[in-house]
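# Breakdown of the fold
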Amino acid sequence: MTTRVWDYLPEYAKERDDILDAVQTVFGSGQLVLGASVRGFEQEFAAYHSLPYATGVDNGTNALKLGLEALGVGPGDEVITVSNTAAPTVVAIVGAGATPVFVDVREDDFLMDTDQIAAAITPRTRAILPVHLYGQCVDMAPLTRLAEERGLRVLEDCAQSHGARHHERLAGTMGDAAAFSFYPTKVLGAYGDGGAVITADESVDRNLRQLRYYGMDKVYYVVRTPGHNSRLDEVQAEILRRKLGRLDEYVAGRNAVARRWEQLLGDLSGPGGLRLPTTNPGNTHVHYVYVVRHPQRDAIIQALQAYDISLNVSYPWPVHTMDGFAHLGYTEGSLPVTERLAKEIFSLPMYPSLPESEQERVAVALREVLAGL
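Conventions we followed
- Each chain has its residues counted from 1, following the order in which its sequence is written.
- It should be noted that, the model being predicted, local features are given only for residues of pLDDT at least 70 and side-chain atom pairs only at 80 or more, the latter also being counted only at that level, while totals for whole chains, interfaces and linings use all residues.
- For side-chain calculations, the full set of non-hydrogen atoms in the structure is used, while hydrogens and water are omitted.
- In this text, helices come from DSSP runs of H or I with a minimum length of four residues, and strands from runs of E with a minimum of two, each type numbered from the N-terminal end.
- Residues form patches when they are more than 30% accessible in relative terms and have no salt bridge. Like charges link within 9 Å. Nonpolar side chains (Val, Leu, Ile, Met, Phe, Trp, Tyr) link within 5 Å.
- The Shrake-Rupley method, run with a 1.4 Å probe sphere, supplies the accessible areas, and residue values consider only the shown protein chains as cover.
- Salt bridge, as used here: a side-chain nitrogen of Lys or Arg that lies within 4 Å of a carboxyl oxygen of Asp or Glu.
- Burial classification: accessible surface area is computed with a 1.4 Å probe over protein chains only, and a residue below 20% of its type maximum counts as buried, one above 50% as exposed, and the rest as partly exposed.
- Pairing between two strands requires that DSSP report at least two bridges joining them.
- Throughout this description, the term nonpolar core refers to a set of buried Ala, Val, Leu, Ile, Met, Phe, Trp, Tyr and Cys residues connected via side-chain atoms within 4.5 Å.
- Using protein atoms alone on a 1 Å grid, points that fit a 1.4 Å probe yet trap it form a cavity, whereas open point sets bounded by protein on both sides within 12 Å along at least five of seven lines form a pocket; residues with an atom within 4 Å of a point count as lining.
- Grid points are joined across faces, edges and corners, and a volume is the space filled by probe spheres set on the points.
- Classification convention: Asp, Glu, Lys, Arg as charged; Ala, Val, Leu, Ile, Met, Phe, Trp, Tyr, Cys, Pro as nonpolar; all other residues, Gly among them, as polar.
- Helix span, expected: 1.5 Å multiplied by one less than the number of residues in the helix.
- Residues count as neighbours in contact if any of their non-hydrogen atoms are within 4.5 Å of one another.

## Observations concerning unusual backbone geometry
- Omega for the bond connecting T225 with P226 falls within 30 degrees of zero, at 0°, which places this linkage in the cis form.
- When you line up the elements, P226 lands in the loop between β12 (221-222) and α8 (234-244).
- Backbone torsion omega between S314 and Y315 reads 20°, so that peptide bond is classified as cis.
- Tracing the sequence through the fold places Y315 in the loop between β15 (309-310) and α11 (336-341).
- Positive phi values are uncommon outside glycine, yet L34 reaches one of about 50°.
- Structurally, L34 can be placed in the loop between α1 (9-27) and α2 (36-48).
- For Y220, which is not a glycine, the phi torsion comes out positive at approximately 75°.
- Along the chain, Y220 falls in the loop between β11 (216-218) and β12.

What follows is the structure, encoded as structure tokens:
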């Protein structure tokens, strides 16, 4: 059997009865769209973050897009973000009609280099979109301070950071709003697509509820354009309600897997060798993915195929180098750290139910491959 970086089946075997009960709860409720399950999940997800508002949407990309629109971002505006991220971060900015402006990331943690933000601000800058990548929060204090000084909005991309903390504050509670994805691989994953935006601002939440429902404020009456059909599915919402109660358990499981990786591979870490991820002071890492680094990444991944181990790269192509974003005018060398990381990083298996035996098998194979390089 092939070992992969993620597998939901062990978790499903454990939680099957609850998941199927969630489906039955919705199917027997008499309301299949924007019903009690969506309302309940929104209230509980907001409460988890100690915020008053959460709006469920159909996926994480639209959570970002509608979040930007709800904050007043649109055509002619610029949004500062990073290129070392999943493409949907940038697709959402373009979808809102704005122009992405990239800053580089830091060498040690792969996160937005907040020291570069000030130089990237122009008269057209409307917002900053930090990505809490791989399960760890960006250094938010200098970012939010600069945003306040310059009158900019902050939308946190929390697709990979459910339950992460930065100096005791939960990811998603440090900006004007925050977008989450519940894609199945996420720390809090649905059994299909889903997303949400949280905020402390009543007007932003009102905008979001109109935007996700055709621009309507009541049935059949549009009060704003453009609007979208971007509602969180009732079945996914009920499943997420059940799983939200286990979120801290999932985080603990991921941290246990991360500790085992450190025990199994820590002695290999160092300059020129296999570099393991680090956790910044003040951060609580949730290890959405366990990203390591090696200058011979491609050779390692190829060699592991012979052991029936299939690993992943998050992400092999920096967004600014993709053909679809060539119009932005970035060239090779524009973001040197991001471009270097894209050639060296790869992910080891990471999910709460990863069997220790599988983890040990990967570690043994990886050691053999590294010894043969």
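Now that the structure has been shown, we can carry on.
## Describing a nonpolar patch on the surface
- On the surface, a cluster of nonpolar side chains totalling about 310 Å² of accessible area is made up of F27, L32 and V33.
- As for its placement among the helices and strands, V33 is situated in the loop between α1 and α2.
- Relative accessible area serves as the criterion here: at 45%, V33 is assigned to the partly exposed category.

## So, the pairing of strand β9 (residues 177-181)
- Counting buried residues in β9 gives 5 out of 5 residues, a clear majority hidden from the surface.
- The pairing of strand β6 (residues 153-157) with β9 spans 3 bridges and is classified as parallel. Paired with D157 across the bridge in β9 is A179.
- Two elements, β9 and strand β10 (residues 195-199), share 5 bridges in a ladder whose sense is antiparallel. Opposite A177, over in β10, you have T199 as the bridge partner.

## Examining the nonpolar core
- One finds F45 and F182 to be the most contacted residues of the largest nonpolar core, which totals 77 residues.
- Considering every element that reaches this core, the biggest residue donor is helix α3 (residues 60-70), with 5 residues.
- Counting residues in hydrophobic clusters, the runner-up holds 25 residues, among them W261, L276, Y290 and M350.

## A short note on the pairing of strand β2 (residues 53-57)
- The buried fraction of β2 is high, at 4 of 5 residues.
- Pairing analysis gives 5 bridges linking β2 to β10, with the strands arranged antiparallel. Of the residues in β10, the one forming a bridge with A54 is I198.

## Some details on the layout of surface pockets
- When its volume is computed, the largest pocket comes out at roughly 570 Å³.
- Residue lining of the largest pocket: 33 residues in total, with Y183, T185, K186, Y288 and Y315 positioned closest to the centre.
- When contributions to the lining of the largest pocket are tallied by element, the ones reaching two or more residues are α3, α4 (87-95), β9 and β16 (345-348).
- Its residues assigned to classes, the lining of the largest pocket comprises 16 nonpolar, 12 polar and 5 charged.
- Residue lining of the second largest pocket: 18 residues in total, with L34, R39, E42, R209 and R212 positioned closest to the centre.
- Counting only elements with at least two residues in the lining of the second largest pocket, the list comes to α2, β2, α7 (202-211) and β11.
- Element by element, the count of residues in the lining of the second largest pocket is highest for α2, at 5 residues.
- When grouped by side-chain class, the residues that make up the lining of the second largest pocket number 9 nonpolar, 2 polar and 7 charged.

## A few points about helix α9 (residues 247-265)
- When the terminal C-alpha atoms of α9 are compared, their 27 Å separation across 19 residues agrees well with the 27 Å that a helix rising 1.5 Å per residue should span.
- Three or more residues of α9 are buried, namely L247, Y250, V251, G253, R254, N255, V257, A258, R260, W261 and L265.
- Buried-residue contacts for α9 involve α1, α2, α8, β14 (290-293), β16 and α12 (356-371).

## Here's the deal with the pattern of salt bridges
- As enumerated under the stated definition, the model contains 23 salt bridges in all.
- The partner of R153 in a salt bridge is D176, and the shortest N-O contact between them spans 3.5 Å. Linking R153 in strand β6 with D176 in the loop between β8 (169-170) and β9, this pair joins segments that are 23 residues apart in sequence.
- Take D176: its relative accessible area is 26%, and that puts it in the partly exposed class.
- A salt bridge links E344 to R293, with the nearest nitrogen and oxygen atoms 2.6 Å apart.

## A short note on α7
- Along α7, the positions that sit buried rather than exposed are V204, D205, N207, L208, Q210 and L211.
- Looking at the buried side of α7, the elements it contacts are β2, α3, β6, β9, β10 and β11.

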